Structure formats: C-alpha cells, structure tokens
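Take a look at the letters that make up each chain.
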Amino acid sequence: MVYSGNQNNVSGLSNAELAERIIRLKKEKNAVLLAHYYQLSEIQDIADFTGDSLGLARQAAKTNANLIVFAGVHFMAETAKILNPGTKVILPDLEAGCSLADSCPPEKFAAFKEQYPEHKVITYINSSALIKTMSDVICTSGNAVQIVESFPKNEKIIFAPDKNLGGYVNRITGRNMVLWDGTCEVHDILSTEAIIKMKIENPDAKLIAHPECKAPVLELADFIGSTTAMIDFTWNDDAQKYIVATETGIIHQMRKNSPEKQFLVVPADETCSCNDCPYMKMNTLAKLYLCLKNEKPEITLPEDIIMKAEKPILKMMEISRKLNLIR
Ligand code: 13P
Ligand code: SF4
C-alpha cells in the first residue's frame, strides 16, 4: 500500500503493513532488530534475532549493523550500548523499564555494599548500568549457577538484585550469598495454588519455570531455566503438555517449535488468566516502526559509565567462554 499524509500517523496501518515497512526500513538503514522472547509475537516474527538476555547481549556485541533496534526493556538496550558503544541503539519506548532493575536504586545499593566490604558482587543482568559499575561480574538466568560456582567455595558474595534467583542459586550451589531484596513483579506473583491445581488437573503436564519465580514454585518445577533454556527444553523433551511459569510471550516460540504440544500459562491469581510483563508489552509494531523511522528514542550513556559497566559484563563472557557455555 502507498501511504500518504503524516508519516508519523500510523493509526490507519495494519500490522502487516507496519511489519512490511519495518522490514524495508531495516534493510535501507542496515539496522538489526533484536527481540526478547517476551515481546509481542508480531515483533518476534520480524526480528533478526530473538533470544534471552545472554543471547541478545552477545548479538549486540558482535553485530556490524549501523543501528541496533532493541525490542526489549531498558536494561537490555543499555547492555547493548555498553557492549557496542560505537553503534546507535534505539528502544521503541524509553518507559519500558523493569521492576526488578528498579528494585535496586544505586544510592541504596552503594550503602548496602558498604556493609560488606569483603564481599564480591555478582549482579544479575536485570539491573541498571550504574549498578553494573558497582559489580565484579554480571550473570544472566542462563549462567548464574556457573558464574557463582566459578568463585571459590569460601568467597563472600553479594548477589543482586533478584532474591528469588539468588536464593535458587544458593540452594543449588550450597552457598550462602547475601541477597539484595529485589524481585520481578511478574514472576514473584505467580500463584503456587494455581500451579498445584493445574498439576492435579493435568497430571501428564510438566512444570517448567523461570528462576525469577519464588521458591515454592521452583520446588514444584520439573525444569528451571532461562527463557532460551525453557524453549529448548520443550523442543527436545518428549512430554506433550507443559505448565509454563513465566511471561506469556515465550509461548509463541514454543508453539512455533512444537505445534502439536500444549502449553498452559500459570495465572498470577484466581482472577487473572495471563501474566504479561507490562514493560515488555509497551513495545508495539507502531512504536517500533516510528522508532526505526525517526531513529529515536536513543539509548545514551556517559563514557565513564560505559567503561566501568563493560568490565563485569566482559568478565561474565570470559567465564562463560572458559566453561564452554558460549563459543
Ligand atoms: P532471560 O534472560 O531468561 O530471557 O530473562 C529475562 C527476563 O527479564 C526474565 O524476566
Ligand atoms: Fe523485568 Fe520481570 Fe519484566 Fe523481566 S518480566 S523485564 S524481570 S519486570
């Protein structure tokens, strides 16, 4: 379709037309579109790469594109900028934050850290650039256990900001890391009661959970892992039905890979049938199109923050390579 009039007025465009324009603009501008698995399915479908936080960070670091369009949340786009400072990084909606990253304000964390002067700081990637500058190494849900285990058993460690992921790693590794009291508002409210009910009604289903879920949910799970690991598990596993304890966007890839299988979403409580991350879902095709067209909003960071925040992320990559977690 030929569209005339105000090019920023996209209200008359269908999803198919928006998708077509985005694909065309990507080519014209040599832009790469990176999308997290919690994005709307129509965004995932036109992305050059869909992945978990680790996969997306690696793609951002190695791309030769002139422009990185990040369909995800702010800390992910910020990580892309830190790893590829010479490339312009844009995010469809700058308000797309993360409750977990927000649960760890830099001033409060600095004061917390001062109470533990002998401790190393391992920080989950779901954190602001400033928190990363105060960290020794970053981890993701895909490598948290291995990153922690790469430290000597007697090392004193602060783990921030997710107490659910930190608690899970403590249980797996037998460590006693000091945990920052932060949670993800989406995962933390997934209902254990609803899961038990679903398990009784679906005895043939396996429960798969993201480690940001609280301990009682994780205790019930047949498999715990990052979004990529959860998708891979449903692909390779021989069960036909899964109860999925994470954000709903992930189901899109699971259904694409295994259309014959059934995926049941865990509700947050009795009244809610879905659990969408309100920040991830701020990105729409219309915002994505305008962002790519106008090349804004842009992620910018002071050079000294980039340099300091890059160190612990590179450390994570180095440990992951040594352990053959990435190549
Ligand atoms: P993953 O790295 O497992 O994709 O997790 C990102 C996230 O925000 C989970 O809430
Ligand atoms: Fe942050 Fe939770 Fe949304 Fe992930 S699902 S981006 S941790 S608020």
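Provided above is the structure to which this section pertains.
The rules behind the values
Residues numbered from 1 in each chain as written. Chains lettered and ligands numbered in written order. Predicted model: local features only at pLDDT ≥ 70, side-chain atom pairs only at ≥ 80, totals over all residues. Heavy atoms only, no water. Salt bridge = Lys/Arg side-chain N within 4 Å of Asp/Glu carboxyl O. Helix = DSSP H or I, 4+ residues; strand = E, 2+ residues; numbered from the N terminus. Near = heavy atom within 4 Å. Nonpolar A, V, L, I, M, F, W, Y, C, P; charged D, E, K, R; others polar. Polar contact = N/O pair within 3.5 Å; in protein donor to acceptor, adjacent residues only side chain to side chain. Areas by Shrake-Rupley, 256 points an atom, 1.4 Å probe, with all protein chains shown as cover. Buried < 20%, exposed > 50% of the residue type's maximum accessible area, 1.4 Å probe, protein only. Phe/Tyr/Trp six-rings, centres within 6.5 Å; stacked < 30°, edge-to-face > 60°. Pairing = 2+ DSSP bridges.

If you walk through the whole model with that rule in mind, you get 14 salt bridges. For Lys29, the salt bridge identified is with Glu295, shortest N-O distance 2.9 Å. Highlighted residues: Lys29 in helix α1 (residues 15–29) and Glu295 in the loop between α14 (285–294) and α15 (303–322), separated in sequence by 266 residues. The residue Asp204 makes a salt bridge to Lys241 at a minimum N-O spacing of 3.6 Å. Here Asp204 is found in the loop between α10 (192–201) and β9 (206–209), whereas its partner Lys241 is found in strand β11 (residues 241–245), with 37 residues between them in sequence. Residues joined in a network through salt bridges with shared partners are Lys29, Lys88 and Glu295.

Now for the site of ligand 2. Taken together, Tyr38, Val73, Cys98, Ser99, Asn126, Cys184, Val186, His187, Glu212, Cys277, Tyr279 and Met280 are the residues near ligand 2. Of the residues that constitute the shell around ligand 2, the class distribution is 8 nonpolar, 3 polar and 1 charged.

Let us now look at the site of ligand 1. Close contacts around ligand 1 come from His36, Tyr38, Asp52, Ser53, Tyr124, Asn126, Ser141, His187, His210, Glu212, Ser226 and Thr227, and that covers them all. Here Glu212 contributes a side-chain N or O atom positioned 2.8 Å from an oxygen atom of ligand 1. Coverage of ligand 1 by the protein amounts to 96% of the 310 Å² it exposes when considered alone. In the shell around ligand 1, the residues fall into 2 nonpolar, 8 polar and 2 charged.

Bringing the environment of Glu114 into the picture now. Inspection of the secondary structure assignment puts Glu114 in helix α6 (residues 106–114). Accessibility expressed as a relative area gives 67% for Glu114, which makes it exposed.

Taken as a whole and assessed by the stated rule, the structure comprises 7 aromatic pairs. Each ring, one from Phe112 and one from Trp180, has its centre 5.0 Å from the other, and the planes form 85°; the classification is edge-to-face. Of this pair, Phe112 sits in helix α6 while Trp180 sits in the loop between β8 (178–179) and α10; the two residues are 68 residues apart in sequence, bridging distant segments of the chain. On the basis of relative accessibility, which here comes to 14%, the residue Phe112 falls in the buried class. By relative accessible area, Trp180 is classed as buried at 10%. Judged by centre distance (5.7 Å) and plane angle (15°), the rings of Tyr242 and Phe263 are stacked. Separated by 21 residues along the polypeptide, Tyr242 in strand β11 and Phe263 in strand β12 (residues 262–265) bring together distant segments of the chain. No difference in accessibility class separates Tyr242 from Phe263, as the two residues are buried. Every member of this aromatic cluster is reached through a ring pair, and the members are Phe109, Phe112, Tyr116 and Trp180.

It is worth spelling out the sheet that holds β9 at this point. Reading across from one edge, β10-β9-β11-β12 is the order of the 4 strands in this open sheet, with parallel pairing throughout. For this open sheet the edge positions go to β10 (223–224) and β12, each flanked by a neighbour on one side alone. Here β9 runs beside β11; their pairing, made up of 4 bridges, is parallel. What sits directly across from Leu207, in β11, is Ile243.

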